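Architecture and fold: a report
Take a look at the letters that make up each chain.
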Amino acid sequence: MPELPEVEVTRLSFADRIAQARVTGVRVGKALRWPLGYEPQLLIGRRVLGVRRRGKYLLVDLDQGLLLWHLGMSGSLRFGDERSAPTAHDHFDLDTDQGLLRLNDPRRFGAVVYAASETSPQALKLLGHLGVEPLGRDFDLKAFHHGLKHRRSAIKQVLLSGDVVVGVGNIYASEALFLAGIRPTLRADRVSRPRAEKLRTAIVDVLARAVQQGGSTLRDFSSADGQQGYFQLEANVYDRAGQPCRVCGALIRWLRQGQRSTYYCPTCQKA
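Residues numbered from 1 in each chain as written. Predicted model: local features only at pLDDT ≥ 70, side-chain atom pairs only at ≥ 80, totals over all residues. Heavy atoms only, no water.

**Re the overall build of the protein chain**
Across its full length, the protein chain carries six helices and ten strands. The dimensions of the protein chain, computed from C-alpha atoms along their principal axes, are 60 × 35 × 30 Å. Taking all 271 residues of the protein chain together, the buried fraction comes to 54%. Nonlocal contacts in the protein chain, meaning residues at least 24 apart in sequence, comprise 63% of its contacts between residues at least 6 apart. Carbon and sulfur atoms provide 49% of the accessible area of the protein chain, an area that totals close to 12500 Å². Computed over 39 positive and 27 negative side-chain charges, the separation of the two mean positions in the protein chain equals 10 Å. (Helix = DSSP H or I, 4+ residues; strand = E, 2+ residues; numbered from the N terminus. Buried < 20%, exposed > 50% of the residue type's maximum accessible area, 1.4 Å probe, protein only. Contact = heavy atoms within 4.5 Å. Areas by Shrake-Rupley, 256 points an atom, 1.4 Å probe, with all protein chains shown as cover. Lys, Arg positive; Asp, Glu negative; His and termini not counted. Charge placed at Lys NZ, Arg CZ, Asp CG, Glu CD.)

**Some thoughts on the sheet that holds strand β8 (residues 111-115)**
Taken together, four strands build an open sheet; the order of strands is β2-β3-β4-β8 and the sheet is antiparallel. One side of each edge strand has no neighbouring strand; the edge strands of this open sheet are β2 (48-54) and β8. Looking at each pair of strands side by side, their axes are set apart by 20° on average, direction ignored. With six bridges joining them, β2 and strand β3 (residues 57-62) adopt antiparallel strand pairing. Its bridge partner lying in β3, Val51 is registered against Val60. (Pairing = 2+ DSSP bridges. Axes fitted to C-alpha atoms, helices over the stretch in contact; angles between N-to-C directions.)

**Considering the side chain of Gln257**
Topologically, Gln257 is positioned in strand β9 (residues 253-257). Here Thr262 takes part through its side chain, which lies 2.7 Å from a polar atom of the side chain of Gln257. (Polar contact = N/O pair within 3.5 Å; in protein donor to acceptor, adjacent residues only side chain to side chain.)

**Points about the packing of aromatic side chains**
Scanning the model with the defined rule gives five aromatic pairs in all. Ring geometry for Phe14 and Phe79: centres 6.1 Å apart, planes at 40°, overall tilted. Residue Phe14 is found in helix α1 (residues 4-18), and its partner Phe79 is found in strand β5 (residues 76-80); the two are separated by 65 residues along the sequence. Comparing Phe14 with Phe79, the two get one shared label, buried. Residues Trp69 and Phe92 carry aromatic rings whose centres are separated by 5.3 Å and whose planes lie at 90° to one another, so their mutual orientation is edge-to-face. (Phe/Tyr/Trp six-rings, centres within 6.5 Å; stacked < 30°, edge-to-face > 60°.)

**Some thoughts on the sheet that holds β5**
Here four strands make up an open sheet; going across it, the order is β1-β6-β7-β5 and the pairing antiparallel. Looking along the sheet, the strands with just one partner apiece sit at the ends: β1 (23-28) and β5. Each adjacent strand pair in this sheet contributes to an overall mean axis angle of 15°, direction not counted. For β5 and strand β7 (residues 99-104), the ladder comprises five bridges, and the chain directions are antiparallel. When the bridges of β7 are listed, Ser76 appears paired with Asn104. Seen against the sheet, α1 touches β5, β6 (90-96) and β7 and runs at an angle of roughly 30° to β5.

**Considerations on the state of the cysteines**
Within the structure shown, the criterion is met by zero disulfides. Of all cysteine sulfurs, the one in Cys265 lies closest to Cys245, which takes part in no disulfide; the gap is 3.8 Å. Since its relative accessible area comes to 5%, Cys245 is described here as buried. Here Cys265 is not disulfide-linked; the sulfur of Cys248 is the nearest cysteine sulfur, at 3.5 Å. (Disulfide = S-S within 2.5 Å.)

**Looking at the pairing of strand β10 (residues 260-264)**
Within β10, four of the five residues are buried, which leaves it mostly tucked inside the rest of the structure. The pairing of β9 with β10 spans five bridges and is classified as antiparallel. Paired with Leu255 across the two strands is Thr262, which belongs to β10. Here β9 folds back onto β10 in antiparallel fashion, the turn holding two residues, of which Gly258 has a positive phi close to 55°.

**Comments concerning helix α5 (residues 170-180)**
Burial analysis of α5 places ten of its eleven residues in the buried class, which makes it a mostly covered element. Residues of α5 that are buried sit in contact with α1, α4 (155-161), α6 (193-212) and β10. Gly181 lies just past α5 and shows a positive phi near 70°.

Right under this line is the structure:
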């Protein structure tokens, strides 16, 4: 599943090229997770003002309204001059005078939703519950620790929930907890302020490095210009069960939390 770094890498790969483009056509294919909620032909003639990200959502701002794109579990975007016939898994095309933006999604858990504004019911339903952006200025220690103190679930589950801090998905939660020396099963409300500070720093570091590495390509992720990510090659614990820890040499362990795989070092993450 594309996580925050992959979504940000995708944004960076086409945002400058589509800015100020005028929509010349829209094609809606098979039904996705949520309907567009708008007559596609009414988007023709709109101008793309820019592309932002909120958590794992891409927000394509138009001169009237915006489109919220979500890549779901298997989605990817392509943007370019090629306008080949859509394949069976190409479910949404936004054609512009500067290129074609196409959503490919084999499992169809992604979506493109129109909203009149970021405060409209359609947008708030998707964005209103999201926590603070980890790569933004508002991700401060006081608020982060306060959020953890009110949660009794395991710290990794709280990170994945997205309502304390948004976008820290499965790969990067495991990696950040390793860097902070925190066992993924520790209850969030038992994370001390000094350890919360270490975790906050680790989250920022891991996500920033992942963006620099182009995200993680575990199966078929690539950015809107076709580039794969390489962060998975330097992972300390993720998907390394049974292999020696890069720091202490202990064997990396695996467990299941909330139907997701968790990896950790029993020595570096004692509690």
